[in-house]
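# A look at the structure
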Amino acid sequence: MAPSATQQVLLSPAELSYLHTSLSLTPAIRPDGRTPSQFRPLIAETDILPGTNGSARICFADGTEAIVGIKAEVEKSRPSYQDQNIGGDDDDEEDEDTRRSEKEAEQKKGLNEWVEMSVEIPGFRDDDPMPVFLAAMISEALLADGEFTRRLWINRRFHWKLYLDILLLSQPLSYPLPLLSLTSHLALLSTRLPKLKSEQDEDPLFDDDWEASLFLYPRTTGTTSARPPVTLLVMAVKDNIIFDPCKEELAVAEVVLAVSIGERSQGVGGAGMDIDAGKSRDLRLLAVRTIDPPSRLTPPGVPNASNTATGGTAATTEQTSTQRETLDEEGVWQPPRGGAKRKLIAAMIKKVLEQGGVAEDVLEGLEAVELG
């Protein structure tokens, strides 16, 4: 389970109970008036950092802001000694070409070490659990299917190595994973690599004209092109599923999931869960992580029967421990205990991936951002 990223919300048990009750209604009433599937307004722009191959900036309406810069450099690949002497002198040229093409296709898969990612958050050290987990979650989704490292392959001797520097400029007012993921998505879409002029296994020679450079994720008109993955934050209060929760909503969340989804071009193979493959968008489930909600650390409420200020009788220590396990009085806040039901987790994932759902809305919104 991933650690909680938000600072402890200083709300009283009465306020927590009111907020939990509001989010349990049908439809849920959110503190900022959004619908359960509505995201916070944001400002996005790309190509903001000079000297980088790609960069992006996103600022949410609550003031949280992130910048991602991507640098690429040519690196020599480690030699592979497998299958170097297979075939002998008796093989004909056609079989040798076939084996060569198969071996080349295998090598084009690339290695995860070709991507290096770092996350910086104000007030956190680089080796703190939060930056480490956020970098692992974003890289896990990016490298899940092996298709991304194929784009970094130059030839059998050289490859591109990408450095992704993710910086959260503001304090983590809410869980920053969706913000960092969306910003990385835009930065990767805007990343351009110099056009290769050399052929086969020669030392790489590139075109000096930056206008001739190629996008890492080229956009082809008339078809659905593969795009980088995004990670969305989903929480549940009873049976209500809520997207993009704020810090106050996370304070009463019963289940919190980080769901990573990807989109690929039609006709491209790969691993993952296919949802409505015949539709315009081919979405896949790449990763799911549970987030430890801060609601587990909130103080429980005291019922009137045990509150001396309202004429009740104060409970002993043993009675207090028993009440925390058995108390289910309406209007009295009790932190969530135990795990999540599989049926609820399945419903949350289905809500993300459904046709015309939240994931498609997010991807369509990001697609509208102009690339430099």
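Let me begin by describing the structure that accompanies this report. (Residues numbered from 1 in each chain as written. Predicted model: local features only at pLDDT ≥ 70, side-chain atom pairs only at ≥ 80, totals over all residues. Heavy atoms only, no water.)

Quick look at the side chain of Ser295 now. You can see Ser295 is positioned in the loop between strand 12 (282–290) and helix 7 (317–326). When its relative accessible area of 0% is taken as the criterion, Ser295 is described as buried. Of the polar contacts made by the side chain of Ser295, one reaches the backbone oxygen of Ala253; its length is 2.5 Å. Setting aside residues up to four positions removed in sequence, Ser295 forms contacts with Leu250, Ala251, Val252, Ala253, Trp333, Pro335 and Pro336. (Helix = DSSP H or I, 4+ residues; strand = E, 2+ residues; numbered from the N terminus. Buried < 20%, exposed > 50% of the residue type's maximum accessible area, 1.4 Å probe, protein only. Polar contact = N/O pair within 3.5 Å; in protein donor to acceptor, adjacent residues only side chain to side chain. Contact = heavy atoms within 4.5 Å.)

Take the sheet that holds strand 5 (residues 158–168) next. Across the sheet, which stays open at both edges, the 5 strands sit in the order 1-2-3-5-4 with mixed pairing between neighbours. In this open sheet, the two edge strands, each paired with only one partner strand, are strand 1 (42–46) and strand 4 (115–120). Neighbour to neighbour, the strand axes of the sheet diverge by 15° on average, direction disregarded. Relative to strand 5, strand 4 runs parallel, the two sharing 6 bridges. Bridge pairing links Glu116 to Tyr163 in strand 5. Along the sheet, helix 3 (residues 129–142) makes contact with strand 4 and strand 5, crossing strand 4 at roughly 145°. The strands touched by helix 5 (residues 177–189) within the sheet are strand 1, strand 2 (54–60), strand 3 (65–76), strand 4 and strand 5, with strand 2 carrying the most contacts at an inclination of about 145°. (Pairing = 2+ DSSP bridges. Axes fitted to C-alpha atoms, helices over the stretch in contact; angles between N-to-C directions.)

This paragraph deals with helix 5. End to end, helix 5 covers 18 Å across 13 residues, agreeing with the expected 18 Å (1.5 Å per residue, within 8%). Counted residue by residue, helix 5 has 13 buried out of 13 residues, so it is predominantly covered. (Expected span 1.5 Å × (residues − 1).)

Turning our eyes to something else, we now look at the packing of aromatic side chains. With the rule as written, the count across this model stands at 2 aromatic pairs. For the pair Phe148 and Tyr217, a centre-to-centre distance of 6.2 Å together with 20° between the ring planes defines the contact as stacked. Pair noted here: Phe148 is in helix 4 (residues 147–150) and Tyr217 is in the loop between strand 7 (214–215) and strand 8 (227–237), with a separation of 69 residues, a long-range link. Of the two residues, Phe148 and Tyr217, both sit in the buried class. (Phe/Tyr/Trp six-rings, centres within 6.5 Å; stacked < 30°, edge-to-face > 60°.)

As a further point, take the nonpolar core. Core analysis: the biggest nonpolar cluster contains 85 residues, and Leu134 and Phe148 have the highest contact counts within it. For this core, the leading source of residues is helix 5, giving 8 residues. The residues contacting Phe148, other than those within four sequence positions of it, are Val115, Leu142, Leu143, Leu162, Leu188, Leu216 and Tyr217. (Core = buried A, V, L, I, M, F, W, Y, C linked by side-chain atoms within 4.5 Å.)

Inspection of the sheet shows strand 2 paired to strand 3 by 6 bridges, in the antiparallel sense. Across the sheet, Gly54 pairs through a bridge with Ile70, a residue of strand 3. Counting the residues between successive antiparallel strands, the hairpin from strand 2 to strand 3 contains 4 residues, one of them, Gly63, with a positive phi of roughly 105°. Where strand 3 lies against strand 5, 11 bridges are found, and the strand directions are antiparallel. Note on strand 5: the bridge partner recorded for Ile70 is Leu164.

Moving on, we get to the side chain of Ser213. Take Ser213: it is sitting in the loop between strand 6 (192–193) and strand 7. Of note is the side chain of Ser213, whose polar atom sits 2.9 Å from the side chain of Arg192. Within polar-contact distance, the side chain of Ser213 engages the backbone oxygen of Trp210 at 2.6 Å. Setting aside chain neighbours within four positions, we find Ser213 in contact with Arg192, Leu193, Pro194 and Lys195.

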